Amino acid sequence: MRRFIIYHNDADGICAAAIAGRAGLDAARVVYLPVDYGQAARALPLAKFQAGTDELWLLDFSFGPEEMLFLLARAGAQKFFWFDHHATALAALSQDIFQDLQGLRQDGTAACMLVWRFCHGNEQAPWPVELIADRDVWRFYYKETARYFYEALLAEPDMRPESMLWSMLLEIVLLEDLQPWLSAGCVLWRARRQSLKFWAEQLGVAVTLQLPGGGLVDALRVNYPGSGDMAEVIQALGYPVAWCYVDKPGGMRKHSLYSASVDVSGFCAARGGGGHKGAAGFIEYIDMPEDIDMPIAGCAP
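Figured I'd write up the structure that's included with this text.

**Here we look at the overall build of the chain**
Here is step 1 of the chain: Across its full length, the chain holds eleven helices and ten strands.
Here is step 2 of the chain: Reported as C-alpha extents along the three principal axes, the dimensions of the chain are approximately 55 × 45 × 40 Å.
Here is step 3 of the chain: Per-residue burial for the chain yields a buried fraction of 48% across its 301 residues.
Here is step 4 of the chain: Considering only intrachain contacts with a sequence separation of at least 6, the fraction spanning at least 24 residues in the chain is 55%.
Here is step 5 of the chain: Surface exposure of the chain reaches about 14400 Å², of which carbon and sulfur atoms provide 52%.
Here is step 6 of the chain: Distance from the positive charge centre (25 side chains) to the negative charge centre (36 side chains) of the chain: 1 Å.

**Side note on the environment of Leu175**
Here is step 1 of the chain: Looking at the element boundaries, Leu175 is found in the loop between helix 8 (164-169) and helix 9 (179-203).
Here is step 2 of the chain: On the basis of relative accessible area, Leu175 is assigned to the partly exposed category, the value being 30%.
Here is step 3 of the chain: Through-space distance from the C-alpha of Leu175 to that of Trp127 is 6.4 Å; in sequence the pair is 48 residues apart.
Here is step 4 of the chain: Beyond its immediate chain neighbours, meaning those up to four positions away, Leu175 contacts Trp127 and Thr145.

**Remarks on the sheet that holds strand 9 (residues 274-275)**
Here is step 1 of the chain: Spatial strand order, 5-6-7-8-10-9: six strands in an open sheet with mixed pairing. Two strands in the sheet have a free side with no partner beyond their single neighbour: strand 5 (205-210) and strand 9.

**Regarding the packing of helix 7 (residues 144-154) against helix 9**
Angle between the axes and distance between the axes are the two parameters that describe a pair of packed helices.
Here is step 1 of the chain: Running from amino to carboxyl end, helix 7 crosses helix 9 at an angle of 85°, the nearest separation of the two axes being 7 Å. The angle between the axes of helix 7 and helix 9 places the two elements in the roughly perpendicular class. Facing helix 7, whose interface residues are Glu144, Thr145, Arg147, Tyr148, Phe149, Glu151, Ala152 and Leu153, helix 9 presents Trp181, Leu182, Gly185, Cys186, Leu188, Trp189, Arg190 and Arg192.
Here is step 2 of the chain: Of the residues assigned to the contact of helix 7 with helix 9, the class counts are nine nonpolar, two polar and five charged.

**Some details on the sheet that holds strand 3 (residues 55-59)**
Here is step 1 of the chain: With respect to topology, four strands assemble into an open sheet ordered 2-1-3-4, the strand pairing being parallel. Each edge of the open sheet is held by one strand with a lone partner, namely strand 2 (30-35) and strand 4 (80-83). Here the average twist between neighbouring strands, direction ignored, is 15°.
Here is step 2 of the chain: In this structure, strand 1 (residues 3-8) lies alongside strand 3, joined through five bridges in parallel fashion. By the bridge assignment, Ile5 is partnered in strand 3 with Trp57.
Here is step 3 of the chain: On top of the sheet, helix 1 (residues 11-21) reaches strand 1, strand 2 and strand 3; it is set at about 165° to strand 1, its chief contact.

**Regarding helix 1**
Here is step 1 of the chain: Across the eleven residues of helix 1, eleven count as buried, placing the element largely inside the fold.
Here is step 2 of the chain: Every buried residue belonging to helix 1 is among Ala11, Asp12, Gly13, Ile14, Cys15, Ala16, Ala17, Ala18, Ile19, Ala20 and Gly21, and all of these are buried.

**What about the pattern of salt bridges?**
Here is step 1 of the chain: Within the structure shown, the criterion is met by 15 salt bridges.
Here is step 2 of the chain: Notably, a salt bridge pairs Arg147 with Asp229, separated by 3.9 Å at the nearest N-O pair. Of this pair, Arg147 sits in helix 7 while Asp229 sits in helix 10 (residues 228-236), and the two are 82 residues apart along the sequence. Across the pair, exposure class does not vary: Arg147 and Asp229 are buried alike.
Here is step 3 of the chain: Residue Arg160 pairs with Glu162 through a salt bridge whose shortest N-O separation is 3.5 Å.
Here is step 4 of the chain: Connected through shared salt-bridge partners, Arg135, Glu144, Arg147, Glu151, Arg192, Arg193, Asp229 and Glu232 make up one network.

**Remarks on the packing of helix 1 against helix 5 (residues 111-120)**
Here is step 1 of the chain: Relative orientation of the contacting elements helix 1 and helix 5 amounts to 15°, with a least axis distance of 7 Å. When the axes of helix 1 and helix 5 are compared, the pair comes out roughly parallel. You can see that helix 1 and helix 5 cross each other, and the crossing is left-handed. Facing helix 1, whose interface residues are Asp12, Cys15, Ala16, Ile19 and Ala20, helix 5 presents Ala111, Cys112, Val115, Trp116 and His120.

**Topic: the side chain of Asp12**
Here is step 1 of the chain: Positionally, Asp12 belongs in helix 1.
Here is step 2 of the chain: At 3.4 Å, the side chain of Asp12 and the side chain of His85 are in polar contact.
Here is step 3 of the chain: Asp12 has contacts with Asp60, His85, Ala110, Ala111, Cys112, Ile132 and Asp136, leaving out every residue within four places of it along the chain.

The rules behind the values
Residues numbered from 1 in each chain as written. Predicted model: local features only at pLDDT ≥ 70, side-chain atom pairs only at ≥ 80, totals over all residues. Heavy atoms only, no water. Helix = DSSP H or I, 4+ residues; strand = E, 2+ residues; numbered from the N terminus. Buried < 20%, exposed > 50% of the residue type's maximum accessible area, 1.4 Å probe, protein only. Contact = heavy atoms within 4.5 Å. Areas by Shrake-Rupley, 256 points an atom, 1.4 Å probe, with all protein chains shown as cover. Lys, Arg positive; Asp, Glu negative; His and termini not counted. Charge placed at Lys NZ, Arg CZ, Asp CG, Glu CD. Pairing = 2+ DSSP bridges. Axes fitted to C-alpha atoms, helices over the stretch in contact; angles between N-to-C directions. Parallel < 35°, antiparallel > 145°, perpendicular 65-115°, else oblique. Nonpolar A, V, L, I, M, F, W, Y, C, P; charged D, E, K, R; others polar. Salt bridge = Lys/Arg side-chain N within 4 Å of Asp/Glu carboxyl O. Left-handed = near helix turned anticlockwise from the far one by under 90°. Polar contact = N/O pair within 3.5 Å; in protein donor to acceptor, adjacent residues only side chain to side chain.

Take a look at the structure:
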């Protein structure tokens, strides 16, 4: 039996995949398949997946109902495990056929923590899992500790779930063992905050959003990769909503919205996307001339 792990290619999804890939199987029996928004389930390399024998795990991600049904038919209900915490995805997949799937779903709890609980029960999660989970849902119970660790993690040259990095991180149960990471992360985080403030001020365009309920709210729209840290910088500039976007090959424009006070999930859901109340996004396809280079993310179009 092999385990095919489809995971969202961000820190939470990668950590969740690292946990799932080390739970009861040899590394040789695990296949990791990273995904991001805009990818189709039918395009996944599942040709070698053996129905009835292999397991399919979907972590920190979900597809639309039709593509979820495709995966369910491919794997079978007994071999399909789904872990997610995105409110709009859980609402869109509220039918019993999806909610009865194995795994864990819970709004407000990061995927890496859901997978840890599923695989290890009440065993205390390692500190890296606690800090990634804390930062991913933007709770920050651990305050700067979560920020600094996350920043140091992003600087790692190989964050893939199969790397030896995670074999080491998932063994850390004493916070003092993370001190070198926290010290480095503090320096990196402060430098990046300064950079984000510069780009927000240089590239930001003030706009007004009309929410699904008819309300209006101010936002700063920036051609820069979305992140919670950029959102905090924008909100410190006086805007309730941070709206970031980047252009991808093929005319795909990826939008990410963040807010500490406004539910942005409905605005994104109305455009075919979704996410959390305070962090959501959607994909837009735009017409682009074929004879121009793609703009670099972070530079004004």
